[in-house]
Each structure stands twice: as structure tokens, then as C-alpha cells.
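Architecture and fold: a report
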Amino acid sequence: MSLNNSVNVALIGAGRIGSFHAESVVYRLADANLAAIADPAPGTANQLAEKLGCSFATTDPKTVLSDPDIHAVIIATPARYHSNLVAAAAEAGKAVFCEKPMALTIEEANRAIDAAKSANVPLQVGFNRRWDKAFSEGHEAIANGQVGTPQLLRSLTRDPGPFGADPARIPNWTIFYETLIHDFDTLLWLNIGAKPVEVYAVADALIRPDFKEAGHLDTAVVTIRFDNGAIAVADANFSALYGYDVRGEVFGSEGMVTMGDARRSSMTLFNSQGVSCDTFRLDAHHFLDAYTAQLASFINTVRTGEVKGPGGEDARSALKIALACIQSVKIKAPVSLG
Ligand SMILES: NC(=O)c1ccc[n+]([C@@H]2O[C@H](COP(=O)([O-])OP(=O)(O)OC[C@H]3O[C@@H](n4cnc5c(N)ncnc54)[C@H](O)[C@@H]3O)[C@@H](O)[C@H]2O)c1
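What you see is a predicted model, and the numbers here were worked out from it, not measured in a lab.

Examining the packing of aromatic side chains
Within this structure, the stated rule accounts for 6 aromatic pairs. A ring pair is formed by Y244 and F287, whose centres lie 6.0 Å apart and whose planes are at 85°; its orientation type is edge-to-face. One end of the pair, Y244, is in the loop between strand 10 (231-240) and strand 11 (245-252); the other, F287, is in the loop between helix 8 (283-286) and helix 9 (288-304), and 43 residues separate them in sequence. Pair check on accessibility: Y244 and F287 agree, each one buried. Taken together, F20, Y244, F287 and Y291 form an aromatic cluster joined through their ring pairs. Cation over ring: R28 sits above F20, and NZ or CZ is 4.9 Å from the ring centre.

Focus: the sheet that holds strand 7 (residues 150-160)
Reading across the sheet, the 7 strands line up as 12-11-7-10-9-8-15 and stay open at both edges, with mixed pairing between neighbours. Looking at which strands have only one partner, the edges of the open sheet turn out to be strand 12 (255-259) and strand 15 (335-336). Pairing between strand 7 and strand 10: 8 bridges, direction parallel. Bridging across to strand 10, L153 finds its partner in A232.

Things to note about the nonpolar core
Among the nonpolar cores identified, the biggest contains 106 residues, and M102, F176, F184 and V222 are the most heavily contacted of them. Counting residues per element, this core draws most heavily on helix 7 (residues 174-190), which supplies 10 residues. Lining this core are residues from two domains, each supplying at least three of them: domain 1 (7-121) and domain 2 (130-287 + 318-336). If sequence neighbours within four positions are ignored, F176 has contacts with I181, F184, A201, A203, A220, V222, A322, C325, I326 and V329.

Comments concerning the layout of surface pockets
If you add up the space inside the largest pocket, you get close to 1600 Å³. Contributing to the lining of the largest pocket are 46 residues, with R16, P78, K100, T174 and E178 lying nearest its centre. Sorting the residues of the lining of the largest pocket by element identifies helix 1 (16-28), helix 4 (82-91), strand 7 and helix 7 as the ones contributing at least two each. Counting residues per element, the lining of the largest pocket draws most heavily on helix 7, which supplies 5 residues. Residue classes in the lining of the largest pocket are distributed as 25 nonpolar, 11 polar and 10 charged. Both domains that meet at the lining of the largest pocket, namely domain 1 (7-121) and domain 2 (130-287 + 318-336), each give it at least three residues.

Things to note about the site of the ligand
Near the ligand you find 25 residues, and of these I17, D39, K100, E178 and Y291 are the closest. Here G126 contributes a backbone N or O atom positioned 3.4 Å from a nitrogen atom of the ligand. Expressed as a share of its isolated accessible area of 850 Å², the protein-covered part of the ligand is 79%. Those elements that place two or more of their residues in the shell around the ligand are helix 1 and helix 7.

Comments concerning the domain arrangement of the protein
By the assigned domains, the protein splits into domain 1 (7-121) and domain 2 (130-287 + 318-336). Each of domain 1 and domain 2 has a C-alpha centre, and these two points are 27 Å apart. Listed by partner, the interface residues are 10 residues for domain 1 and 9 residues for domain 2. Contact between domain 1 and domain 2 buries roughly 850 Å² in total, counting both sides, with carbon and sulfur atoms accounting for 65%. Of all residues in domain 1, the largest losses of buried area upon contact with domain 2 belong to K100, L104 and I106, amounting jointly to 51% of the total for that side. At the junction of domain 1 and domain 2, the tally comes to 1 salt bridge. A salt bridge links R16 to D283; the shortest N-O distance between them is 2.9 Å. Between the two partners, domain 1 and domain 2, sit 2 residue pairs in polar contact (both at pLDDT 80 or more). For the side of domain 1 that touches domain 2, the secondary-structure elements that each account for two or more residues are helix 1 and helix 5 (106-119). By residue class, the composition of the side of domain 1 that touches domain 2 is 7 nonpolar, 1 polar and 2 charged.

Overview of empty space enclosed by the protein
By the definition in use, this model includes 1 cavity of 30 Å³ or more. By volume, the largest cavity amounts to about 30 Å³. As for the largest cavity, its lining consists of R264, S265, M267, C277 and D278. The residue inventory of the lining of the largest cavity, partitioned by class, reads 2 nonpolar, 1 polar and 2 charged.

Rules behind the numbers
Residues numbered from 1 in each chain as written. Predicted model: local features only at pLDDT ≥ 70, side-chain atom pairs only at ≥ 80, totals over all residues. Heavy atoms only, no water. Phe/Tyr/Trp six-rings, centres within 6.5 Å; stacked < 30°, edge-to-face > 60°. Helix = DSSP H or I, 4+ residues; strand = E, 2+ residues; numbered from the N terminus. Buried < 20%, exposed > 50% of the residue type's maximum accessible area, 1.4 Å probe, protein only. Lys NZ or Arg CZ within 6 Å of the ring centre and 35° of its normal. Pairing = 2+ DSSP bridges. Core = buried A, V, L, I, M, F, W, Y, C linked by side-chain atoms within 4.5 Å. Domains from an automatic or database assignment. Contact = heavy atoms within 4.5 Å. 1 Å grid on protein atoms, 1.4 Å probe; cavity = no way out; pocket = protein on both sides within 12 Å on 5 of 7 lines; lining within 4 Å. Points joined across faces, edges and corners; volume = space filled by probe spheres on them. Nonpolar A, V, L, I, M, F, W, Y, C, P; charged D, E, K, R; others polar. Near = heavy atom within 4 Å. Polar contact = N/O pair within 3.5 Å; in protein donor to acceptor, adjacent residues only side chain to side chain. Areas by Shrake-Rupley, 256 points an atom, 1.4 Å probe, with all protein chains shown as cover. Buried area = accessible area lost by both parts, 1.4 Å probe. Salt bridge = Lys/Arg side-chain N within 4 Å of Asp/Glu carboxyl O.

Structure, rendered in C-alpha cells:
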């Protein structure tokens, strides 16, 4: 496309994160235009379109895929629809930004990757931590050799509590497919060039033990061994009462980098209660800049063809670890990655 034109973006899936991305396109990105919103839930696309001044809303995603004026799509539906929508959008010639996880099986991932390759369209996946300032500076320090050879890595996700969702409405294995998938991508990205060789996962229902029988697991610890000898640990829990907490650490032969902070700012209050500070409550607050930067990069990719963000292969690599975790929990033993 011409570098002078604004990129026409369609949102597919106008729920929590989709609405946030749509707001980013409208308010935070200079060279993108929110041209359409599609969501099958009655009224959902219309309401968001009205709020954001978007001129086209539909309940049928196919309508936006067949519109030649749409250059790019943001897919933010529930995960089970992602891979089919990626393939359909690519086949329609649209550049694709897809929220994580891009797919739930390796076959689905391969299909999405192949569709984007055959259509020669960019495919970027929503691993937003790569755009966070602390994580990207950490990655740069590791790439520059400033911590030497990585030996121990950590990544954690604690979703904000109290956990108020109905566990019955959350698909089984969400903790691996949708939460820890971020940590798996982060660890693969930070342990530059290394391949995971073995995964061991332990998971339980500690927040809602009454849903354990039904398979809803809310707490997990994962150990990953890499072919460069490094050992990584990732953990997650769905109810951090102090707020949204994402952190990472890489310890190597020459030093260590730590990344991420639950504290909302460096403001610290000292009073008769003691010393305190506020924390991030939501992912949209913690990663406002990172979410914006990842979409800005995607829009730039659409305009220039220069791909910078994590793509389909990265999504597949993280998915392989999630699938190995599920297997490991089932058999209560480590799983080798071929
Ligand atoms: N990167 C991140 O930090 C981050 C944060 C939140 C969510 N996510 C991911 O984004 C995805 C959506 O999460 P959410 O919390 O916004 O979910 P949500 O349930 O709030 O919203 C999903 C929306 O998609 C719509 N939808 C369902 N089927 C559809 C279809 N076939 N076509 C179009 N729209 C459809 C639903 O009606 C709903 O409005 C999930 O995969 C989730 O893991 C990523």
C-alpha cells in the first residue's frame, strides 16, 4: 500500500481486549483508521462503533474480510476461533494481527502460518511483553552479552484478584493456553537461540478447589530445560490480591537482568501506616504502552512490509510448550520435546 495512506483496520471480536485495541487504533495511533468492527454478539459491534465513531459494524466477520478497502484485521475473539480467522483473513489478502494463542493445536497453527505465507501477508501475534520497555531492554542486554550465558530464567504471571469469574465458563487448560503462553514466549525470546528440550508442569486448583474435578486449574509451575543447558521456571496464578503482576529474570554467567514491577509508579507513600505504594490493577494499565507499541509496529509492518513483531512460528513454539505442559500434568512426569 502507499505510504501516504492511513491503514484501514477491521476489528474482529469486540470484547474486553478487542475494545481496548480498537481504542488504541482510534486514539493512540496516528496512521491507522478503525474502518469496521465485527462481532456476532447482538449489539456488541454497534455499541463499540458508536462509542468510537466507526462507520461500519456487523455481526458477520466475513463481511469485513470481503471488503477490498480493509487492509488489516485485528483478531480478538475467543481462542478457539483464532486459527480459522487467521487463515480466512490471510486468504482474503488482509494483514493479520491475532491475539494469543494463535491456535490450540499444532495442525491449526501450521494451517494459519501456511495461509499467511501463501498469501504473502504479514502475521503478527499478540505477545505484547516483547514491547514492554523493561522486557525489551532486558532482551537487548542479553543480546549484547551483558549477562553472559543464560543459566537460570524466570517468568511469572499473576492475574489480578480477587478471582471473580465463573470457573465453569473458563475453558480447561486456560492457564497454559492463554496465561502462561505469554511466559513461554518470553522465555523462548530471552534465551536467545536456545531450544526447549524438556517440560515439567505441576498445576492445581488452589483458588477454587471445588472446580478441580471439572479440570479448572488456576495455579501452575512449569520447569523448562533448554539445549544450551539453561533451566527456566514459569509460574501463574489467577488471583493476586495486590494487583496485576508480571515479572521476568535472566541470570547468566556474567550477571543478571530483572524485568517488570507490580508497582504502578516509583511514588512511595510514607505515613503513620508505614511505607506503601499503589500497584497495577489491570493488564491494560500495566501494558498500555506495550500494547500501543505492538499495534504501532503492526501498522508500520502493513505500511512498509518490514516485519518486526512475533509471528506465527513464535506462536507455534510457545504452543508446543503449552501442549507439553498439559501432557506433563496428565502423566505427572516430564515431557521431552522432539
Ligand atoms: N495479550 C494480552 O495481554 C491479552 C489480554 C486479554 C485477552 N487476550 C486474548 O484475547 C482473546 C479475547 O479475549 P477477551 O478477554 O477480549 O475475550 P472476550 O470474551 O471479552 O471477547 C471476545 C469477543 O469475541 C466475540 N466473538 C466470539 N466469536 C466470534 C467470532 N467468530 N467472530 C468475531 N467475534 C467473535 C464475542 O462475542 C466477544 O465479544 C483471547 O484469546 C485472550 O487470550 C490477550
